[in-house]
Amino acid sequence: MVLERMTRAGDGAVTSILETPRYFDGPEGALFGILTQPSGAALGTTAIVAGGGWFGTSMGRNQLLVRLCRRAASQGYHAFRFDYRGVGESEGSITRFEVDRWFPDDLEAACREMARAGCARSVLIGWCFGARSALAALDAAPQLRGAILVSPPIRRAGTVRWGAIEETIDLSLWRLARNGLRNGLLAELLRRDYRRSVSKAIRKRLRAASMRRRARGRQRVGEGWVSPGFLGPLERLVERRVPVLLIYGTADGEYRDFRRALPGRVGRVLERGKGTVSVVVLEGEVSAAGSLAMQSATLDLIDAWLRDLAASGTGPNEKRVP
Amino acid sequence: MGSVTGDIEAIDGGRATRLDQRAGIREEASFFGADEARIFGVLHAPVGAAVGGVVICPPLYAEFVRNYRREVLLARAFASCGVAVQRFHHRGTGNSEGDPADHTFEAYVDDAMTAVAELRARADVDRIGILGTRWGGVVAMAAAARSGDGPVVLWEPVIDPSRYLREVFRGRSISDLKSAARGGAVAGDPLEELRANGVVDILGYEFHRALYESAQGHPLEGELGSRQRPVLIVQLGDGRGTGRDASALIGRLRSIGCAVEHRWVPGREAWWFGGELAQREEERVWAASLVSLTTAWFARTLEEER
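Because the structure is predicted, anything quoted here is derived from the model rather than measured. (Residues numbered from 1 in each chain as written. Chains lettered and ligands numbered in written order. Predicted model: local features only at pLDDT ≥ 70, side-chain atom pairs only at ≥ 80, totals over all residues. Heavy atoms only, no water.)

Undergrad: Help me understand the interface of chain B and chain A, please; the structure alone is not making it clear to me.
TA: Where the parts come together, the accessible area they lose is often given as the size of the interface. Between chain B and chain A, the residue contacts involve 53 residues of the former and 57 residues of the latter. Buried surface at the junction of chain B and chain A, both sides included, amounts to about 4,200 Å², of which 51% is carbon and sulfur. For Glu89 of chain A, the salt bridge is made with Arg87 of chain B, and the minimal N-O distance between the two is 2.7 Å. Across the chain B-chain A interface, the total number found is 16 residue pairs in polar contact (both at pLDDT 80 or more). (Contact = heavy atoms within 4.5 Å. Buried area = accessible area lost by both parts, 1.4 Å probe. Salt bridge = Lys/Arg side-chain N within 4 Å of Asp/Glu carboxyl O. Polar contact = N/O pair within 3.5 Å; in protein donor to acceptor, adjacent residues only side chain to side chain.)

Have a look at this one:
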């Protein structure tokens, strides 16, 4: 017999919860996950949560994803979080996590496990890398009712993140030279003792400048840098009128890419999704969940959206893009 | 297979099991302990009878995440050598239930004792050792002192909790400085914040006053108890200078008759910083040495006792 338990669902609130661990078949052996049962009447929908990758476990920083699942359960959702292969309690191995070389197989296996256990409808929730995995695993989700994508990277593998380009601009060769002249440091740096390291630094700057020019060229030429792995599934969600919540933080590197992509096809897709796709931008960094305030803000947002979804069958009809 | 709650099948007893025939181990994940706040844990056991047992006390916060996979790999290595291992998450952390705001040093030790009882009941072992990393080292030693004369392994232990807490707070201050340099808001003194609000944000982790205040009076040296036991202390680094605190600890352990082995493993761990967990644990050579050194020491200790 399984008993209901009292525990913190999030932010000090206490509610009854019931969780059961599960091992299930993954692509490289057993994967591990935890199913949270709804604390009240079941909605019949399961929130399947894909974490952020980078060898972090399904718990998230400061139990973020544990709290997410427990809060969803307090609204009547089932919630399932799992460890990717080679991470946490799961078997298998993973050498690298890359934004455009995601492995949806693990999330697909989690979806299959939920379907096998009786899950009729689902909401996919993905964090950063997990958001891209969610987009790649749409077809595996049992009767998809909605998707929450937290800070999904949108660029194609091998392209340069716009944030990195901006940082390079800040450290441009011209700016460095100008500062050097102003402070009279340049003459000092050209002394024999420093010549080798100065020339090395200049070569590095020139390489960065060339990289910047190439990247800018790509941005001007078209939208080749936007991954079809992001655009394609997003378009399908819009066509199917599946409610989507996109969350970014103003300090997320991914958000800078997202903003640059808005005037193009991404913007047009979002325009067509008016009414079902919500974009919410929070002040600060969402992707790393690096502060308690940001964690609370993100969880509150997800809570509210899930509540609306449960109530109306659609997500909140809000679109806010600064 | 199981009862049905809502529309999803729940597993009876809330326990999940997996069998790895190739490695000859069985893993059982479950929640255990008092109903008010259950502890999440995983038992890693040999398929046959176990020759001994180990309870692993995890560190806290970012260190808990850093050490996570290493502890899983250690537990699997132990189990394949015939030693049953109980891993657990402290209440209010990880997958366990409970509110971290209530958790004091004593509560952490209680969790470890509950894990010892769970291992004893589930794996049918008499001889149980306790291993702790960082803050988990203090908890491990305190739990060992209350549960017999079993061996203790300390990985990079926190010897002086007051100093450890200062380092943790300094970490937050460094992060604040970095953020301010990028134009972010200038944050206040974390200790003042803790005193005023009862909780402080340390790099995205909740740090509560209950732990801060209760940890102050519990240096590792004060938790040794009076029993003789084998102790392995492993530190990461090149072995240059053991440090005053570690030397004093070793001296104190020897003075009560403990057989202490102090080893260095040539590795480095950025417990709080270093960006994302950008490298998988299996690729760290030093981590593999740490695991094999520990399992070999424990096997030798059990053998000598027999």
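Undergrad: How should the pairing of strand β9 (residues 277–282) of chain A be read in this particular structure?
TA: The side chains of a regular strand alternate, first on one face of the sheet and then on the other. Burial within β9 of chain A is extensive, with six of its six residues counted as buried. Taking every second residue as pointing to the same face, both faces of β9 of chain A are buried, with Val277, Val279 and Val281 of chain A on one and Ser278, Val280 and Leu282 of chain A on the other. (Buried < 20%, exposed > 50% of the residue type's maximum accessible area, 1.4 Å probe, protein only. Helix = DSSP H or I, 4+ residues; strand = E, 2+ residues; numbered from the N terminus.)

Undergrad: Even after reading the chapter, I still don't get empty space enclosed by the protein, so can you show me in this structure?
TA: Gaps between atoms show up when a probe of the same size as a water molecule is rolled over them. Scanning the model with the defined rule gives four cavities of 30 Å³ or more in all. Volume-wise, the largest cavity comes out at about 270 Å³. Forming the boundary of the largest cavity are 20 residues, of which Asn62 of chain A together with Tyr61, Gly92, Thr93 and Gly94 of chain B lie nearest the centre. For the lining of the largest cavity, the elements supplying multiple residues, two or more each, are α1 (61–80) and β11 (205–208) of chain B. Looking at the lining of the largest cavity residue by residue, the class counts come to eleven nonpolar, eight polar and one charged. (1 Å grid on protein atoms, 1.4 Å probe; cavity = no way out; pocket = protein on both sides within 12 Å on 5 of 7 lines; lining within 4 Å. Points joined across faces, edges and corners; volume = space filled by probe spheres on them. Nonpolar A, V, L, I, M, F, W, Y, C, P; charged D, E, K, R; others polar.)

Undergrad: Which parts of the structure should I look at to understand the packing of helix α8 (residues 228–239) of chain A against helix α10 (residues 265–272) of chain A?
TA: For any two helices packed against each other, the geometry comes down to the angle between their axes and how far apart the axes lie. Residue and element names in this part refer to chain A. The geometry of α8 relative to α10 is characterised by a closest axis approach of 9 Å and an angle of 15 degrees between their N-to-C directions. The pairing of α8 with α10 is recorded here as roughly parallel in orientation. Of the two possible hands of crossing, α8 and α10 adopt the one that is left-handed. On the side of α8, the interface is formed by Phe230, Leu231, Leu234, Glu235 and Val238, while α10 contributes Arg265, Val266, Val269, Leu270 and Arg272. Residue classes in the contact of α8 with α10 are distributed as seven nonpolar, no polar and three charged. (Axes fitted to C-alpha atoms, helices over the stretch in contact; angles between N-to-C directions. Parallel < 35°, antiparallel > 145°, perpendicular 65-115°, else oblique. Left-handed = near helix turned anticlockwise from the far one by under 90°.)

Undergrad: Sorry if this is basic, but what is going on with the environment of Phe32 of chain A here?
TA: Residue placement: Phe32 of chain A occurs in strand β3 (residues 29–37). For the pair Phe32 of chain A and Ala311 of chain A, spaced 279 residues apart in the sequence, the C-alpha separation amounts to 31 Å. Among all residues touching Phe32 of chain A, those that are not within four sequence positions of it are Pro21, Arg22, Tyr23, Phe24, Arg81, Phe82, Asp83, Glu89 and Ser90 of chain A together with Ala29 and Phe40 of chain B.

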